[in-house]
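Chain and residue survey
The primary structure of each chain is shown beneath.
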Amino acid sequence: MLEKVYDPKKFEKEVYEATNDEFYPGVVKSGAAAFSVLMPPPNVTGSLHVGHALTYTIQDILIRYHRCRGFDTLWQPGTDHAGIATQLVVSRELEASGVDVAALEADELISKIWGWKEKSGEQIVRQQMAMGCSAPWSLSRFTMDEHFSKAVIEVFVRLYKDGLIFREKRLVNWDTKLRTAISDLEIQNKEEKGTLWHIKYELENSDGYITIATTRPETMFGDTAVAVHPLDQRYVPMVGKRVRIPYTDRTVPIICDEYIDMEKGTGCLKVTPAHDVNDFAIGKRHSLEMITVIGMDGHMKTSVDVPEFLRGLYLKKARKILLEKLEEDGLLATKEEVLHTIPYGDRSGTVIEPLLTDQWFVDSKTLAGAAINVVEDGSVCFYPKKWENTYFNWMRNIEPWCISRQIVWGHRIPAWYGPSGEIFVERTEEEAVEAAMRHGIGKEQLRRETDVLDTWFSSALWPFVTLGWPNETEALRRHYPTSVLVTGFDIIFFWIARMLMMSLYFMKKIPFKDIYIHALVRDTSGQKMSKSKGNIVDPLALMEEFGADALRFTLAFLSVPGRDIKLGVEHVKISRNFITKIWNAARFLQTKGIEFVDAGIQSIGVKRKLNHWIIAKLNWFKREIAQDFVDYRFDYATRNIQFFVRDTFCDFFIEAIKFQDDDETRAVAASVFANILVVAHPFMPFVTDHLADVLGISKTLSVGLDGYECDIETSSEYEQEVDSFVELIHKIRSERQEHGAESAEYLELRTKLCGWPGELRGIAGIVR
RNA sequence: GGUCAUAUAGCUCAGCGGUAGAGCACUACGUUGACAUCGUAGGGGUCACAGGUUCGAUCCCUGUUAUGACCACCA
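Described in the following lines is the structure provided in the data block. For clarity, every value in this text was computed on a predicted model and none was experimentally measured. (Residues numbered from 1 in each chain as written. Chains lettered and ligands numbered in written order. Predicted model: local features only at pLDDT ≥ 70, side-chain atom pairs only at ≥ 80, totals over all residues. Heavy atoms only, no water.)

A look at the overall build of chain A
Across its full length, chain A carries 24 helices and 25 strands. Once the C-alpha set of chain A is aligned to its principal axes, its extents read approximately 115 × 65 × 55 Å. Relative to its full complement of 768 residues, chain A shows a buried share of 55%. In chain A, the share of contacts with a sequence separation of at least 24, taken over all contacts with a separation of at least 6, comes to 77%. As presented, chain A carries roughly 34,000 Å² of accessible surface, and 49% of it is formed by carbon and sulfur atoms. Where the 92 positive side-chain charges of chain A centre and where its 110 negative ones centre are 2 Å apart. (Helix = DSSP H or I, 4+ residues; strand = E, 2+ residues; numbered from the N terminus. Buried < 20%, exposed > 50% of the residue type's maximum accessible area, 1.4 Å probe, protein only. Contact = heavy atoms within 4.5 Å. Areas by Shrake-Rupley, 256 points an atom, 1.4 Å probe, with all protein chains shown as cover. Lys, Arg positive; Asp, Glu negative; His and termini not counted. Charge placed at Lys NZ, Arg CZ, Asp CG, Glu CD.)

Take a look at the structure:
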């Protein structure tokens, strides 16, 4: 017997344990079509947050839906080593416990991180299980496990030998706190108020001066020119002359360049090629010298280029002292307040310095071509489609991808350097030694690259490496390309674009057919959730209070394309109430003594109007749901489930059959309810499995249900008749409420009702 | 600066070229053989604003405003 109260805590765990061996590929009949989804690997640092809850809910709904319908499903799970993020988290933990991380050898730190990973890696999986994620966990991959690491090296070496990876001295985004380069995507630009200082540079061999404007005076010692616009009448006469950089003996030429905006600042730009992206470009055009005056640590360098009074100072301090001195010496013409954007590192939160360093790059431009084509020609589709714009926009203006990181946690770049800068990129050290020997370089002269790869370099390989590449595996044959990728728009560039590029290059086939982009989850007032704001909605707490099914149903319900999700406790409560409704409907069927026998209704035959009607409605409902899945409209699907269960099944059918007792109606009630459980199962797996089990319908709904088919032909005449009866009932109820049971209108309607068959007239509360 | 969204009931959101929809909240009634974590009925909207297309616009087009996101960037 079902318990009176729906209490998910009492059965969720048990249900999961009873079903989890059905989550593996190959549990279906042979010959089934494959349906596969890549689980975006959560960071090993991770604990489940509500964004995860959303993405995994949607993926699990898709997987369960297809598994129920007989597809051979694979939901490929795994975790990501998340280079910088993880190293940062572990370093902080170590420091908190008194370890001097800076003093650790790289190897020691790496082994500490591994230890930490082993410890915390399982936590997120346990939480995913609690949510009901039906993934084959023993097939889980980690981006740094042995197989994955080999594949990463294979990819790196091939791309290098194909000329698509190169090493170059370029201006990169340097994080002075983490002391590593980062990619353009790892930068957060923030608009801030700043000051534009006008500084006088004296002309050489003349009394005059030229005034430049800058927000970064401390970089002036790296200036190697002053540039003006070629048509700027104010300055053209000065072009070719030289000016002296204050506090140095250095003079630099005044040059002209079309890039200069005559309206901005003073119209004169100090050109600092080593510390500014645009200046770097100007420098290249004019073959200017590049002088680095800022060190990797975010302090002024101690080199001769920097005046003695500033050497080694922290940038902000150097700026302050320099400005004081300029003012004192009358070189500060004026200053104005401006709004400008400052780049910050997304992990460290520190100001990013463009610095000239040797780094490894992927030639994204070349790889992007194919990845643009497959979206253009519709081989790969975004849902909602508008994200294709975003994708094209970025892909068509793509810049080389800086993939080297000066940290320890990650895939070490398989490169070895000879004594004069020779580079050997090979799969193993032995091969590198051999290659070096051919150039007359001995093993002892070789030095291995210490940089590691950007985390996203390995994530980009997720679609094919998880399935066994570079080996030719059954998994690859069966499940590549995958069916759909589900993820948030925030990683379209980081991950989706790069998976497409890498997959197309190495597999020559798309990695996934559809890309479903879901919304961001915000708090009830529409604010982005963050720890510092304290507005985090904890999915674990919600599951604890209302059950995993309620949370899943809510997230699906709120997944309206193109709109962010505002999640509040209230919503989850409503879903829990709806699940209770299903629970109670089951209890009614049970108290009514309805038996669930998988005889189906075909053998009994359906004659009654009401039964034709409910079956017609059920089949309509199932078709709607099928379409909702084609369209990835989980919001529609949940609305349809609510509508059918509440308005059609409970409020009308159940009410009607309270006064009806015959084998046909009982069999129909059983079959329709069994169908409801199957349709609702992807959205609320725990309660549906539990109900199916207790009612004796099935031990588990994971792989679908036989014996309760309702695909019989129904009479549309009967359906319409009952529809009009439903309408009549509403009129009667309304009339009675509005004008009382004595009104002429009411009595007339009531008389009409008498013409209807008994099981319909019997609806409680209307007709005695 | 560029691009893309969004704007509908008090709240959260669906929707549609032709009478405006749901849930929550609200009001009234109700414990009749599952369900008060409920049922029945009801009130409540110039569909952001201004133009245009149309027989007809909340819907399509243009513009404006507000909000949000992303990309680029200014010395």
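Focus on the nonpolar core
Leu567, Phe649 and Phe673 are the most contacted members of the largest nonpolar core, which has 111 residues in total. Considering every element that reaches this core, the biggest residue donor is helix H19 (residues 634-657), with twelve residues. Every residue in contact with Leu567, bar those within four places of it in the chain, is listed here: Val50, Val521, Arg522, Asp523, Thr524, Val537, Leu542, Thr554, Leu555, Leu558 and Val572. (Core = buried A, V, L, I, M, F, W, Y, C linked by side-chain atoms within 4.5 Å.)

Some points on the pairing of strand E23 (residues 512-518)
Among the seven residues of E23, six are classified as buried, and the element is accordingly described as predominantly covered. Relative to E23, strand E15 (residues 381-383) is paired through three bridges, and the arrangement is parallel. Residue Tyr383 lies in a different strand from E23, and its bridge partner there is Tyr516. As judged from the six bridges shared by strand E22 (residues 482-488) and E23, these two strands associate in the parallel manner. Looking across to E23, one finds that Gly488 is bridged to His518. (Pairing = 2+ DSSP bridges.)

Some points on the sheet that holds strand E18 (residues 415-417)
By definition, the strands of a sheet pair up through backbone hydrogen bonds, in either a parallel or an antiparallel sense. Strand order across the open sheet formed by three strands is E19-E18-E20, with antiparallel pairing between neighbours. Either end of the sheet is taken by a strand with one partner, and the two such strands are strand E19 (423-425) and strand E20 (447-448). One ladder, built from two bridges, connects E18 with E20; its direction is antiparallel. Pairing of Trp416 across the sheet is with Arg448, part of E20.

Side note on the environment of Asn619
If you trace the backbone, Asn619 turns up in helix H18 (residues 609-630). For Asn619 and Glu472, which are 147 residues apart along the polypeptide, the C-alpha to C-alpha distance reads 43 Å.

Side note on the environment of Val678
Along the chain, Val678 falls in helix H20 (residues 663-680). Note: C-alpha distance between Val678 and Tyr65 (613 residues apart in sequence) is 8.9 Å. Ignoring sequence-local partners within four residues, the contact set of Val678 consists of Leu701 and Leu705.

Remarks on the sheet that holds strand E5 (residues 165-175)
An order of E6-E5-E14-E16 is seen for the four strands of this open sheet, with the pairing classed as antiparallel. The outermost strands of the open sheet, each flanked by one partner alone, are strand E6 (180-182) and strand E16 (401-402). Looking at chain direction, E5 and E6 are connected through three bridges and run antiparallel. Each residue of the ladder has a partner; that of Asp175, found in E6, is Thr180.

Overview of the protein's contact with RNA strand B
Around RNA strand B there are 49 residues in total, and Ala213, Asp261, Lys264, Asn278 and Val560 lie nearest to it. Sugar and phosphate atoms represent 68% of those atoms of RNA strand B found within 4 Å of the protein. Take Asn577: an N or O atom from its side chain is 3.1 Å from a phosphate oxygen of RNA strand B. Elements that contribute at least two residues to the surface near RNA strand B include exactly strand E7 (187-203), strand E8 (209-214), strand E13 (332-345), helix H17 (569-591), H19 and helix H22 (716-739). Broken down by element, the residue count for the surface near RNA strand B peaks at ten residues, all from H17. Counted by class, the surface near RNA strand B contains 15 nonpolar, 15 polar and 19 charged residues. (Near = heavy atom within 4 Å. Polar contact = N/O pair within 3.5 Å; in protein donor to acceptor, adjacent residues only side chain to side chain. Nonpolar A, V, L, I, M, F, W, Y, C, P; charged D, E, K, R; others polar.)

Examining the packing of aromatic side chains
Evaluation of the coordinates by the stated rule reveals 36 aromatic pairs. Seen from their ring centres, Phe629 and Phe634 are 5.9 Å apart, and the 80 degrees between their planes marks the pair as edge-to-face. The pair Phe629 / Phe634 is uniform in exposure class, with both members buried. By way of ring pairs, the aromatic residues Tyr65, Tyr383, Tyr516, Phe629, Tyr632, Phe634 and Phe683 are connected into one cluster. (Phe/Tyr/Trp six-rings, centres within 6.5 Å; stacked < 30°, edge-to-face > 60°.)

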